[in-house]
Amino acid sequence: QVQLVESGGGLVQAGGSLRLSCAASGSIRSIITMGWYRQAPGKQRDLVATMTSGANTNYVDSVKGRFTVSRDSAKNTVYLQMNSLKPEDTAVYYCYALLSKFGSPGYQTFWGQGTQVTVSS
């Protein structure tokens, strides 16, 4: 099986910074894309930032210039450095991976359990 374990959420004042980490483990053959989504109360889960194995990144417009996604491919780990945080960034942040597993055809999507980020004004 495959597991995604997140860490690094918490409470921070507006203007502050947090760094999220997510490590993937298990029977992983290759990871195509890793990244982060978030879900605020009463809203749908939306993309925040992703990075492909070729280091191509994608960001939602609202975090461009403030958040940076990075990966350590050797450790199957993705990071999200969040600077200049705003109250509207408050949400549960979910790690995401699109990967292939040993012994299984094709690609599958996996999610972490989520980590709460709260930004106070």
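Residues numbered from 1 in each chain as written. Predicted model: local features only at pLDDT ≥ 70, side-chain atom pairs only at ≥ 80, totals over all residues. Heavy atoms only, no water.

**Student:** What is the right way to look at the overall build of the chain in this model?
**Tutor:** Per the secondary structure count, the chain includes zero helices and 11 strands. For the chain, the N- to C-terminal ordering of α and β elements is β-β-β-β-β-β-β-β-β-β-β. Taken over the C-alpha trace, the chain has a radius of gyration of 14 Å; the compact-globule value for 121 residues is 14 Å, and the two agree within 12%. Counting only C-alpha atoms and orienting by the principal axes, one finds that the chain spans roughly 50 × 25 × 20 Å. Within the chain, buried positions represent 41% of all 121 residues. When contacts within the chain are restricted to residue pairs at least 6 apart in sequence, those whose partners lie at least 24 apart make up 56%. Counting only carbon and sulfur atoms, one obtains 48% of the accessible surface of the chain, whose full area is about 6,200 Å². For the chain, the distance from the average position of its 11 positive side-chain charges to the average position of its 6 negative side-chain charges is 6 Å. (Helix = DSSP H or I, 4+ residues; strand = E, 2+ residues; numbered from the N terminus. Rg over C-alpha atoms; globule rule 2.2 N^0.38 Å. Buried < 20%, exposed > 50% of the residue type's maximum accessible area, 1.4 Å probe, protein only. Contact = heavy atoms within 4.5 Å. Areas by Shrake-Rupley, 256 points an atom, 1.4 Å probe, with all protein chains shown as cover. Lys, Arg positive; Asp, Glu negative; His and termini not counted. Charge placed at Lys NZ, Arg CZ, Asp CG, Glu CD.)

**Student:** Please clarify how the state of the cysteines should be interpreted in this entry.
**Tutor:** The bond known as a disulfide is covalent and runs between the sulfur atoms of two cysteines. One pass over the structure, following the stated rule, counts one disulfide. Each sulfur in the disulfide pair Cys-22 and Cys-95 lies 2.0 Å from the other. Sign of the S-S torsion, about -80° for the bond between Cys-22 and Cys-95, identifies this disulfide as left-handed. With Cys-22 in strand β3 (residues 18–26) and Cys-95 in strand β9 (residues 91–101), this residue pair connects regions lying 73 residues apart in the sequence. Accessibility assignment for this pair places Cys-22 and Cys-95 in one class, buried. (Disulfide = S-S within 2.5 Å.)

**Student:** What is the right way to read the layout of surface pockets from this model?
**Tutor:** Rolled over the atoms, a probe sized like a water molecule indicates the empty space that remains. One number sums up the size of the largest pocket: a volume of about 170 Å³. In this structure, the largest pocket is lined by Arg-38, Gln-39, Ala-40, Lys-43, Gln-44, Asp-46, Leu-47, Val-60, Ser-62, Glu-88, Thr-90 and Ala-91. Only β4 (28–39) and β5 (46–52) provide two or more residues apiece to the lining of the largest pocket. (1 Å grid on protein atoms, 1.4 Å probe; cavity = no way out; pocket = protein on both sides within 12 Å on 5 of 7 lines; lining within 4 Å. Points joined across faces, edges and corners; volume = space filled by probe spheres on them.)

**Student:** Would you take a moment to explain the side chain of Lys-101 for this structure?
**Tutor:** Residue placement: Lys-101 occurs in strand β9. Among buried Asp, Glu, Lys and Arg side chains, Lys-101 stands out as unpaired, with Glu-6 the closest opposite charge at 18 Å. Those residues within four positions of Lys-101 in sequence are excluded, and the remaining contacts are Gln-1, Val-2, Ser-27, Arg-29, Gln-108 and Phe-110. (Salt bridge = Lys/Arg side-chain N within 4 Å of Asp/Glu carboxyl O.)

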